[in-house]
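Observations on chain architecture
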Amino acid sequence: MSWYAETGNKCDVVLSSRVRLARSIEGFPMGERLSDEQARELCDRAGDALRGFDRIDFDKLDPVTAAAYAEEHLVSAEFASSKSPRALYKSDAEGDYIMVCEEDHFRIQSITRGYSVSDAYERAKRAEAPIASAFPVAFDNDLGYLTHCPTNLGTAMRASVMMFLPALTRRGSIPSLSRQLSRLGLTVRGMYGEGSEAVCCIYQISNQVTLGISEEETVSKLCEAVDFIIDQERKCRLDTVSRDPESAADACARAYGTLTHARMISCREFMEKFVDVRLAASLRGSLDAGIPESVTLESLDTSLIECQPAVLTLLSGGGEMTPRDRDIRRASLLRGRLGGASDN
Amino acid sequence: MLCEKCGKNEATIRYSEIVNGKKTEMALCGECAAAMGLGTDGGFGLGDLFGAGTLFSNIFGAIPDARPQYGASHIEKRCPVCGASMSEIAKRGKVGCAECYRTFKSELAPSIRRIHGDVKYVGDAPAKSEAENQLLEKKQKLESLRRELREAIEKEDFERAAEIRDNIRKIDS
């Protein structure tokens, strides 16, 4: 099952927790200096170490399938679009995804549903073990893990939590939150990481600092901040609803109406309406917007991924689609998934 | 061209600084550059790694760029593993391989300090490889057998000593 279709801890505010470890191998050039032969050698040798993982050669993959992996947050956008030899080793059951020949030789990523950073960290460490055992991992006692980009030196770990923050966004609190987090060595990014826009009021909160702080401290510092943000977001949601319950319910019900009755819907419009419907599904006890019980946070988050262009194209058979075709297909998919109507 | 700071010596270094997007340039002699704290070791001084135009220059504000451009000659050091030079690393803002961190340790140190602060690594060390583990296991086994051998000889248990010696030979081969 895909991570977004599972149930999880504090999903009303946290969609997923992710830990990524970057590892380089002694004796192999990095980035552009790595030859195609060396890249293939790394990909093949990784296969010997990673028993039980499925291998996908991204340089042989069609661009739509590759982009769909990025839309599902399983690989980085750079990895999906690169042309050089590279492979993904994946274990969907464990939520482990190991990119070979991304910016660093190995990017080991573990993704879990909801708020469970420690679990994601434990899983990433477990997934790393066979790599560390099969390869001489580049490490220095003073600088830690040696990475292609010096900004990642140290633990070379990025722990991130994907958060849904509609109430704080609408209150205009994100810029000040971002400043406060920056002082704690944390950063706020958009839904698709570095350089991406914050759509759907979804943000990724992650550690910025990697040197001079241990992995455990990084996780604990991030969780301390995330606990605080969850608390603030929940309070802010209840505050907004209690001030004007009719307007809040009306906005959510209208958004739900659009998602379940439109015959054509763009990705942008879908994501705008998605915010209110997800908010209503998170506040069932306090807000009556008439959204059926069958519309769960899991079904909503699944629709969020399925409505992205590449995933939607794949779900429609993978053939060429115009934006108009996708808008029609998206509306049909939403009616089926959220409205209980037949998916025709 | 004379040094724009002292006006006496021949300028051997062009120094450029970008502050809030505004670039100022100066031609300096070696003495004035050193007085301003601009190293020229191997042709590249502090800050050169993330020189003007790289991603990091925007993040870290003022990035000084110092390199000999007026008549100073030098042979560029290259990484023995990937062949990268410091100027190539500076241009990309990324190293060519892990060995670059050792080859250009002193040149990279100021930039690493600027990014991360004056801190040392704290955290997990990499797990040993299978080959390293086997080697370690073998070493420990041999040490233990040699200890047993000494004890057997001390006790004049030569039969046992011969047995241990054969075991040591077997493992050592």
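Located above this text is the structure these notes cover.
Right, let's walk through the structure included here. (Residues numbered from 1 in each chain as written. Chains lettered and ligands numbered in written order. Predicted model: local features only at pLDDT ≥ 70, side-chain atom pairs only at ≥ 80, totals over all residues. Heavy atoms only, no water.)

Observations concerning the layout of surface pockets
Residues and elements named next belong to chain A. Of the voids in this model, the second largest pocket is the one considered here, and its volume is about 420 Å³. Looking at the second largest pocket, it is lined by 20 residues, and the ones nearest its centre are Gly31, Glu32, Glu102, Glu103 and His148. Within the residue set of the lining of the second largest pocket, elements represented by two or more residues are helix H1 (36–49) and helix H3 (77–81). Residues that form the lining of the second largest pocket fall into these classes: six nonpolar, six polar and eight charged. (1 Å grid on protein atoms, 1.4 Å probe; cavity = no way out; pocket = protein on both sides within 12 Å on 5 of 7 lines; lining within 4 Å. Points joined across faces, edges and corners; volume = space filled by probe spheres on them. Helix = DSSP H or I, 4+ residues; strand = E, 2+ residues; numbered from the N terminus. Nonpolar A, V, L, I, M, F, W, Y, C, P; charged D, E, K, R; others polar.)

A few points about the nonpolar core
All names here are of chain A. The biggest cluster of nonpolar side chains holds 76 residues, and the ones touching the most others in it are Phe106 and Met163. Considering each element in turn, this core owes the most residues, eight residues, to helix H7 (residues 215–243). In this view, Phe106 contacts Leu21, Ala22, Arg23, Ile25, Leu42, Ala46, Ile98, Met99, Val100, Ile131 and Phe135; residues no more than four positions away in its chain are not counted. Within the second largest apolar cluster, 60 residues are counted, among which are Val241, Cys252, Ile265 and Val275. (Core = buried A, V, L, I, M, F, W, Y, C linked by side-chain atoms within 4.5 Å. Buried < 20%, exposed > 50% of the residue type's maximum accessible area, 1.4 Å probe, protein only. Contact = heavy atoms within 4.5 Å.)

Points about the interface of chain B and chain A
Taken together, the 32 residues of chain B in the interface contact 37 residues of chain A. Interface area lost by chain B to chain A is led by Tyr101(B), His116(B) and Tyr121(B), which between them contribute 24%. Where chain B packs against chain A, one counts six salt bridges. Between Glu88(B) and Arg33(A) there is a salt bridge, and its shortest N-O distance comes to 2.6 Å. For the interface between chain B and chain A, the tally reads 13 residue pairs in polar contact (both at pLDDT 80 or more). Contributions of two or more residues to the side of chain B that touches chain A are made by helix H3 (86–92), helix H4 (100–103) and helix H5 (105–116) of chain B. If one sorts the elements of the side of chain B that touches chain A by residue count, H5(B) sits on top with three residues. Considered class by class, the residues forming the side of chain B that touches chain A number 18 nonpolar, six polar and eight charged. (Buried area = accessible area lost by both parts, 1.4 Å probe. Salt bridge = Lys/Arg side-chain N within 4 Å of Asp/Glu carboxyl O. Polar contact = N/O pair within 3.5 Å; in protein donor to acceptor, adjacent residues only side chain to side chain.)

Some remarks on the environment of Phe104(B)
Residue and element names in this part refer to chain B. Along the chain, Phe104 falls in the loop between H4 and H5. A sequence separation of 48 residues divides Phe104 from Ala152, and the C-alpha atoms of the two residues are 53 Å apart. Dropping the residues within four chain positions of it, Phe104 is found in contact with Lys77, Arg78, Cys79, Ala84, Ser85, Met86 and Ile89.

Some details on the packing of helix H10 (residues 297–306) of chain A against helix H12 (residues 323–339) of chain A
Residues and elements named next belong to chain A. Closest axis-to-axis distance for the H10/H12 pair is 10 Å, and the angle between their directions is 170°. As summarised for this structure, H10 and H12 are arranged roughly antiparallel, according to the angle between their axes. The residues of H12 that touch H10, namely those facing Ser299, Leu300, Thr302, Ser303 and Glu306, are Leu333, Leu334, Arg337 and Leu338. For the contact of H10 with H12, the class distribution of residues is four nonpolar, three polar and two charged. (Axes fitted to C-alpha atoms, helices over the stretch in contact; angles between N-to-C directions. Parallel < 35°, antiparallel > 145°, perpendicular 65-115°, else oblique.)

So, empty space enclosed by the protein
One pass over the structure, following the stated rule, counts two cavities of 30 Å³ or more. The calculated volume of the largest cavity comes to roughly 80 Å³. In this structure, the largest cavity is lined by Met30(A), Gly31(A), Glu32(A), Arg33(A), His148(A), Ala84(B), Glu88(B), Ile89(B), Arg92(B), Lys94(B), Val95(B) and Gly96(B). Taken together, the residues of the lining of the largest cavity sort by class into four nonpolar, three polar and five charged. Reported here for the second largest cavity is a volume of approximately 50 Å³. For the second largest cavity, the full set of lining residues is Leu184(A), Gly185(A), Leu186(A), Asn207(A), Val209(A), Ile213(A), Thr218(A) and Lys221(A). Of the residues that constitute the lining of the second largest cavity, the class distribution is four nonpolar, three polar and one charged.

Some points on the packing of aromatic side chains
According to the stated counting rule, one finds eight aromatic pairs over all chains in the structure shown. Centroid distance Phe139(A) to Tyr121(B): 5.3 Å. Interplanar angle 85°. Geometry classified as edge-to-face. Taken as a pair, Phe139(A) in strand E6 (residues 139–140) and Tyr121(B) in the loop between H5 and helix H6 (130–154) lie in two separate chains rather than in one. The burial state of Phe139(A) is the same as that of Tyr121(B); both residues are buried. Taking 6.4 Å as the distance between ring centres and 75° as the angle between the ring planes, the aromatic pair formed by Phe164(A) and Phe274(A) counts as edge-to-face. Here the residue Phe164(A) occupies a position in strand E8 (residues 157–164), and Phe274(A) occupies one in helix H9 (residues 267–282), the gap between them amounting to 110 residues. Put simply, the rings of Phe58(A), Tyr69(A) and Phe79(A) pair up and form one aromatic cluster. Across from the ring centre of Tyr145(A), 3.4 Å away, lies the NZ or CZ of Arg23(A), which sits over that ring. Sitting above the plane of the Phe79(A) ring, Arg86(A) keeps its charged end 5.5 Å from the centroid. (Phe/Tyr/Trp six-rings, centres within 6.5 Å; stacked < 30°, edge-to-face > 60°. Lys NZ or Arg CZ within 6 Å of the ring centre and 35° of its normal.)

So, the pattern of salt bridges
On inspection of all chains with the given rule, the structure shows 35 salt bridges over all chains. Glu26(A) is paired through a salt bridge with Arg102(B); the nearest N and O atoms lie 2.6 Å apart. With Glu26(A) in the loop between strand E1 (14–23) and H1 and Arg102(B) in helix H4, this residue pair bridges two chains. Residue classification places Glu26(A) among the partly exposed residues on the basis of a relative accessible area of 23%. Here Arg113(A) ties to Asp301(A) by a salt bridge, and the two come within 2.8 Å at their closest N and O atoms. With a gap of 188 residues between them, Arg113(A) in strand E5 (residues 106–113) and Asp301(A) in helix H10 connect regions that are remote in the sequence. Asp301(A) matches Arg113(A) in its accessibility class, with the two residues each being buried. Within the structure, one salt-bridge network assembled from shared partners comprises Glu102(A), Glu103(A), Asp104(A), Arg107(A) and Lys94(B).

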